[in-house]
Amino acid sequence: MKYVVRAIKYFIWFALILTLTMVIMAALGLVDPKPELMFREGMKSVWQIAILFGVVAFVYPMTGFRKQDAIIPGEYSDIRDKIIRFMEQRGYFLEKEEGENMSFRLRSKFGAFMKMFEDRVTMTRTIDGFEVEGMRKEIVRLISGLEYMFRNNSEDDYSKS
């Protein structure tokens, strides 16, 4: 069901962007405001664009969202505060915590709007760290930063021995 909702959101988003672009262009006098004159094949072109947007909106959630493992060593009680601090530095807040699983959302309402409120990052505890789920480009960035931070902390701990 989440997939269908995402696909519908992206279809609406694409249509909104095209509509706003065309309205601005018509207001500036760059194109004629009538669809018959604005597009080569008139309303037939509008339907072709809508079908194209539908296909892209259907496929994008498959490629734009993912789950990926983050290797974060340590006991949950030892790493919890560092993870929360890291996420807060990147503009997220802890939305909920259930056992050793955490869910974060963007603090910025504008940022959440620009991502169509698909800004949730969930971290599910695994044996070697967490399974992180969210927008692909966001979780890759976050996992990279988290693993780097904890790798450097663990190396510092070993060098003190």
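What counts and what doesn't
- Residues numbered from 1 in each chain as written.
- Predicted model: local features only at pLDDT ≥ 70, side-chain atom pairs only at ≥ 80, totals over all residues.
- Heavy atoms only, no water.
- Helix = DSSP H or I, 4+ residues; strand = E, 2+ residues; numbered from the N terminus.
- Rg over C-alpha atoms; globule rule 2.2 N^0.38 Å.
- Core = buried A, V, L, I, M, F, W, Y, C linked by side-chain atoms within 4.5 Å.
- Buried < 20%, exposed > 50% of the residue type's maximum accessible area, 1.4 Å probe, protein only.
- Contact = heavy atoms within 4.5 Å.
- Salt bridge = Lys/Arg side-chain N within 4 Å of Asp/Glu carboxyl O.
- Expected span 1.5 Å × (residues − 1).
- Pairing = 2+ DSSP bridges.
- Axes fitted to C-alpha atoms, helices over the stretch in contact; angles between N-to-C directions.

A separate point is the overall build of the chain. Of regular secondary structure, the chain possesses 6 helices and 5 strands. Each helix (α) and strand (β) of the chain, taken in turn from the N terminus, gives the series α-α-α-β-α-β-β-α-β-β-α. Taking 161 residues into account, the globule formula puts the C-alpha radius of gyration at 15 Å, and the chain, at 22 Å, lies well above it. Dimensions along the principal axes, computed over C-alpha positions, put the chain at roughly 75 × 30 × 25 Å.

In this section: the nonpolar core. Among the nonpolar cores identified, the biggest contains 21 residues, and Ile72, Ile83, Met87, Phe104, Met123, Phe130 and Val132 are the most heavily contacted of them. Of all the secondary-structure elements, those providing two or more residues to this core are helix H4 (76–89), strand E3 (101–106), strand E4 (121–126), strand E5 (129–135) and helix H6 (136–159). Looking at this core element by element, the count peaks at 6 residues for H4. Setting aside anything within four residues of it in sequence, one finds isoleucine 83 in contact with Ile72, Met102, Phe104, Met123, Phe130, Leu146 and Phe150. Core analysis: the next-biggest nonpolar cluster, separate from the first, contains 6 residues, Tyr10, Phe65, Met116 and Met135 among them.

Now for the pattern of salt bridges. For the structure on display, the rule yields 11 salt bridges. For the salt bridge of lysine 115 with glutamate 138, the shortest nitrogen-to-oxygen distance reads 3.0 Å. Taken together, the residues span a long stretch of sequence, with lysine 115 in the loop between helix H5 (109–114) and E4 and glutamate 138 in helix H6 at a distance of 23 residues. Note on glutamate 138: relative accessible area 10%, which makes it buried. Salt bridges here are not isolated pairs; linked through shared partners, they connect Glu95, Arg105, Asp119 and Arg120.

Next up on the list: helix H3 (residues 43–64). The end-to-end C-alpha distance of H3, which contains 22 residues, comes to 30 Å, matching closely the 32 Å that a straight helix rising 1.5 Å per residue would cover. Buried within H3 we find Ser45, Phe53, Ala57, Pro61 and Gly64.

Spatial ordering of the open sheet is given by E1-E5-E4-E3-E2, a layout of 5 strands whose pairing is antiparallel. The outermost strands of the open sheet, each flanked by one partner alone, are strand E1 (65–71) and strand E2 (92–98). With direction set aside, neighbouring strand axes in the sheet form an average angle of 20°. Looking at chain direction, E2 and E3 are connected through 6 bridges and run antiparallel. Opposite leucine 94, over in E3, you have phenylalanine 104 as the bridge partner.

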